[in-house]
Amino acid sequence: MGEIRFHNTVHLSQRVDLRCLSTENIKNTVKYPDQKIFQKIGKRKGKVYLFKKTVDGITLNVVAEMKRDECWIITSYEC
C-alpha cells in the first residue's frame, strides 16, 4: 500500500471543530491504529473500518472508508 490519500467528509469537518480534535491525530489513528475493526462495505464500495488508537490515556475512534490507497474519513470521536 502506498501513501494514503485522505478525503474529509462534511460531517467530519463539522465534528473536528465541535469536538476539538486534531486532523493530524485522526490521520495517525488511521495509519497506525491499535485496533482496526471491519464495519461494512461503504457507499464508494470500499471497506468501512473503526480505527482505535490510545495516546496519553485518551482513545480516539475514527470511522473511515478505505478503498485501495484512498481514505474517506466519516467521523471521529474520543472515548
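The following paragraphs examine the structure supplied in this document. Residues take numbers from 1 onward in each chain, read along the sequence in its written order. Only residues with pLDDT of at least 70 are given local features in this predicted model, and only at 80 or more are side-chain atom pairs given and counted; all residues enter the totals for whole chains, interfaces and linings. With hydrogens and water set aside, each side-chain value is computed from the structure's full complement of heavy atoms.

Structural notes on the overall build of the protein
Part 1 of the argument: Runs of H or I in DSSP of at least four residues are treated as helices and runs of E of at least two as strands, each being numbered from the N terminus. In terms of helices and strands, the protein carries two helices and five strands.
Part 2 of the argument: If you list the helices and strands of the protein from N to C, you get β-α-α-β-β-β-β.
Part 3 of the argument: To get the radius of gyration, use the C-alpha atoms; to get the globule rule, take the number of residues to the power 0.38 and multiply by 2.2 Å. For 79 residues, the compact-globule estimate of 2.2 N^0.38 gives 12 Å, and the C-alpha radius of gyration of the protein, at 12 Å, lies within 12% of that figure.
Part 4 of the argument: Overall, the protein is about 30 × 25 × 25 Å in size when its C-alpha atoms are taken along their principal axes.
Part 5 of the argument: Buried, partly exposed and exposed residues are distinguished by accessible area as a fraction of the type maximum, computed with a 1.4 Å probe on protein chains only: under 20%, between the cut-offs, and over 50%, respectively. Here the protein holds 79 residues, and 37% of them are scored as buried.
Part 6 of the argument: Two residues qualify as a contact provided that any one of their heavy atoms is within 4.5 Å of a heavy atom in the partner residue. For the protein, the share of sequence-separated contacts (at least 6 apart) that also reach a separation of at least 24 residues comes to 37%.
Part 7 of the argument: For the accessible areas, the method is Shrake-Rupley and the probe is 1.4 Å, while residue cover comes only from the protein chains on display. A total accessible area of about 5,100 Å² is found for the protein, and carbon and sulfur atoms account for 48% of it.
Part 8 of the argument: On the protein, the mean spot of the 15 positive side-chain charges and the mean spot of the 9 negative ones are 9 Å from each other. A residue counts as positive if it is Lys or Arg and as negative if it is Asp or Glu; His and the chain ends are not included. The location of each charge is read from NZ of Lys, CZ of Arg, CG of Asp or CD of Glu.

Quick look at the side chain of His7
Part 1 of the argument: Along the chain, His7 falls in strand 1 (residues 5-8).
Part 2 of the argument: Assessed through its relative accessible area of 18%, His7 is described here as buried.
Part 3 of the argument: Any pair of N or O atoms that falls within 3.5 Å is considered a polar contact. Within protein, one atom must be able to donate a hydrogen and the other to accept it, and sequence-neighbouring residues count only if both atoms are side-chain atoms. In this structure the side chain of His7 is engaged in a polar contact, spanning 2.4 Å, whose partner is the side chain of Glu70.
Part 4 of the argument: In this view, His7 contacts Glu70, Cys71, Trp72 and Ile73; residues no more than four positions away in its chain are not counted.

Observations concerning unusual backbone geometry
Most peptide bonds are trans, and most residues other than glycine sit at a negative phi.
Part 1 of the argument: Although it is not a glycine, Cys20 adopts a positive phi angle of roughly 55°.
Part 2 of the argument: Positive phi is not limited to glycine here, since Arg68 has a value of about 55°.
Part 3 of the argument: Summarising the element assignment, Arg68 is placed in the loop between strand 4 (58-67) and strand 5 (70-78).

Concerning the state of the cysteines
Part 1 of the argument: Cysteine sulfur atoms are paired as a disulfide whenever they come within 2.5 Å of each other. According to the stated counting rule, one finds zero disulfides in the structure shown.
Part 2 of the argument: We note that Cys20 lacks a disulfide partner, and the nearest cysteine sulfur, in Cys79, lies 17 Å from it.
Part 3 of the argument: The class for Cys79 is exposed, based on a relative accessible area of 69%.

Brief notes about the environment of Lys43
Part 1 of the argument: Along the chain, Lys43 falls in the loop between strand 2 (35-41) and strand 3 (47-55).
Part 2 of the argument: Residue classification places Lys43 among the exposed positions, given a relative accessible area of 71%.
Part 3 of the argument: Lys43 sits 26 residues away from Asp69 along the chain, and the two C-alpha atoms are 16 Å apart.

Some thoughts on the pairing of strand 2
Note on strand geometry: in a regular strand, side chains alternate between the two faces of the sheet.
Part 1 of the argument: Where strand 2 meets strand 3, six bridges bridge the pair, whose relative direction is antiparallel. In the strand pairing of strand 3, Ile41 is matched with Lys47.
Part 2 of the argument: The loop that links strand 2 with its antiparallel partner strand 3 comprises five residues; one of these, Lys45, has a positive phi angle of about 70°. Paired strands, in this sense, are two strands between which DSSP finds at least two bridges.

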